[in-house]
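The residues making up each chain are set out below.
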Amino acid sequence: MSKQSLSISTRLPLAAILFSVAPSLLPAQTAATNPEVQALREEVSELKARLAGLESRLEAFSLTTPAPANPVVAATPPAGPVAQASPEPAPVAEPTTPNPAPFAFGDFTWMNGQSRQKSQPLSNSFATVNLYLDTYYGYSFNHPKDDTIVGSGAVGRNTEWQINNATIGLDTNYKNVIGKITLQAGNQIAVTQDLDGTVNRGRNLTTANNKYIGEAVAGYHFDELDGINVEAGYFYSYIGLESYLLAENWNYNRSFLSDMTPFYFSGARIQFFPTNKIKIEPWVMNGWQSYGKWNKNSSVGLSNYWRPREYLGFVANFYYGTDTKDQPGRKRFHHDDSVLVRYYNHPESALISKMAFSLNSHYGAQWGGVNPFPGRKEYMLGSSFANRIWFDRDHLAWSFRAEAVTNPGRYLALPPTPTGFLPTGDQYDLKLWDLTSTFDVMPTDFLAFRFEFISRHSDVPYFAGPGGTTSPDGWQGTPGTFVPDLVKHENRLTFAINWRM
């Protein structure tokens, strides 16, 4: 409040007192002279004038001063600081975040049969380009004269540099539409797709028109659960732990078990991801590694993956179909299961950076129809154990594998000669086992130099001997009496370069 307002508030009561007292004083001054009364009256008049001026000024002051919005209430100041109360914000809807991609919660590049790339440099929001080159040099201590290695789905030539597999692919998932195509060329086609006999059933189907397509997929992704994919086309096989692409495996030569399983399928599948740690994948297919069907009915399959932790994975796969020519009543069942464990992980260590193992086991059987071995069951049973140790921040690795398999019906074994096995006293027999040691030098995630020694053994002649398996001189079409030279043991060296981007 200003000094002027204080003066007005003090003088108003004084003026009121004077006015109330003045009338009582005048009659009491009987002895006063007329000049004194006149002077007193003039003073009263002056006071009245001044009072009127003060009232007019006070009225003008009250009109120009705004009234407070709220009455001020005096309060005792608090003992300490009090936080200012802020208006409560309006509730904001929480932003919705998409579900994480399946198995994206961890790094699974250590797993046997999986790509070891941690990044995709040729990728954008629309598509990913995949480039792959696998080249090798094989050396068999049996020295087959035709330079042909048999009984292997990975290495087919001896003492030669060969392109095993070269692919270029494009993957896209644009607005939930799935598309994938991978074109392939190389030696591996000769020991996989060229063996498909279903193309000889009827017409309008040939291996030549299909074998250069590694994968061709079209489908749609549904944003349900943690994802649902519906796809159809050509796929790499889901059976067997080890991959069709050798660069993804801990050992360059696949195990016998994986070589006896399909490398590709023609069909349709649905991938269910109940969580980002589980995949359930039912299939409908033409048959067991075939472009066509052996009989009227299609085959069915089921693939299951569970990765509860980054260091642990489980796989269980199933197959059921009819895959014997002209025998729709002969059924085939196959099952494989695997466990993968990373039991040591120090990726920045200059010494040992990782250690892991995988155990892959298979059981399969055929029954019904015409049994080529009357009174005997036709089945396959085996296990493959592999252990891998990484060194120098994952730039070096050593893998060791041991396996054993029995397949007395020989129905899944790769034929050692163009006409199959050599005739012996008992065709109901095949036991195989091997030891494999692989050393990898990996400057980056995209390149690996691989050195491997493999020692393979069989209880019947199964591997190419010095005489080879082609002709007397090793060249196709050379006439003359010839019996393929098969032996029970084979030691082999392989040097390979795997590049992938």
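For clarity, every value in this text was computed on a predicted model and none was experimentally measured. Starting afresh in each chain, residues are numbered from 1 along the sequence in its written order. Confidence filtering applies because this is a predicted model: local features only for residues at pLDDT of at least 70, side-chain atom pairs given and counted only at 80 or more, and all residues used for totals across whole chains, interfaces and linings. Note: side-chain values were computed over all heavy atoms of the structure, leaving out hydrogens and water.

A. Quick peek at unusual backbone geometry. The backbone of Lys175 sits at a positive phi, close to 55 degrees, despite the residue not being glycine. In this description a helix means any DSSP run of H or I spanning at least four residues, a strand means any run of E spanning at least two, and both kinds are numbered starting from the N terminus. Take Lys175: it is sitting in the loop between strand E2 (161-174) and strand E3 (177-185). One non-glycine residue with positive phi stands out, namely Arg393, at about 55 degrees. When you line up the elements, Arg393 lands in the loop between strand E12 (378-391) and strand E13 (396-406). Summary of the burial criterion: residues with accessible area below 20% of their type's maximum are buried, those above 50% are exposed, and those between are partly exposed, where the area comes from a 1.4 Å probe applied to protein chains only. Assessed through its relative accessible area of 40%, Arg393 is described here as partly exposed.

B. Molecular detail of the nonpolar core. Core analysis: the largest hydrophobic core is formed by 24 residues, its most contacted members being Leu432 and Tyr462. If you list the elements that add at least two residues to this core, you get helix H3 (256-259) and strand E7 (278-285). Aside from chain neighbours lying at most four places away, what touches Tyr462 is Val150, Gly151, Phe256, Ala413, Leu414, Pro416, Phe421, Leu430, Leu432, Leu486 and Val487. To define a nonpolar core, start from buried Ala, Val, Leu, Ile, Met, Phe, Trp, Tyr and Cys residues and group those joined through side-chain atoms within 4.5 Å. Here a residue-residue contact requires only that any non-hydrogen atoms of the pair lie within 4.5 Å.

C. Spotlight on the pattern of salt bridges. When a carboxyl oxygen of Asp or Glu lies within 4 Å of a side-chain nitrogen of Lys or Arg, that pair is called a salt bridge. Summed over the entire model, instances satisfying the criterion amount to 20 salt bridges. Between Lys211 and Asp194 there is a salt bridge, with the nearest N and O atoms lying 3.2 Å from each other. In this pair, Lys211 is assigned in the loop between E3 and strand E4 (213-222) and Asp194 in the loop between E3 and E4, connecting sequence segments 17 residues apart. Note on Asp194: relative accessible area 38%, which makes it partly exposed. When the shortest N-O distance is used, the salt bridge between Asp434 and Arg456 registers 3.4 Å. Remark: Arg456 occurs in strand E15 (residues 447-458) and Asp434 occurs in strand E14 (residues 431-444); sequence separation between them is 22 residues. The same class applies to Asp434 and to Arg456, which are both buried.

D. The packing of aromatic side chains, seen in detail. Between the rings of Phe, Tyr and Trp (Trp by its six-membered ring), a pair exists once the centres lie within 6.5 Å; its type follows the angle of the planes, with under 30 degrees stacked, over 60 edge-to-face, and the other angles tilted. One pass over the structure, following the stated rule, counts 29 aromatic pairs. Consider the rings of Phe103 and Phe273, whose centres lie 6.4 Å apart with planes at 75 degrees: the pair is edge-to-face. In this pair, Phe103 is assigned in the loop between helix H2 (34-64) and strand E1 (127-140) and Phe273 in strand E6 (residues 264-275), connecting sequence segments 170 residues apart. Each member of the pair, Phe103 together with Phe273, is buried. Feature note: the residues Phe235, Tyr238, Phe265, Trp283, Trp288 and Tyr319 constitute an aromatic cluster, connected by ring pairs. Both a distance and an angle decide whether a charge sits over a ring: NZ of Lys or CZ of Arg must be within 6 Å of the ring centre and within 35 degrees of the ring normal. Lying across the ring of Trp288, Arg332 places its NZ or CZ 5.2 Å from the centre. Its guanidinium or amino end placed over the ring of Phe256, Arg456 lies 4.1 Å from that ring's centre, counting from NZ or CZ.

Keep in mind that these numbers describe shape and distance, not what the molecule does.
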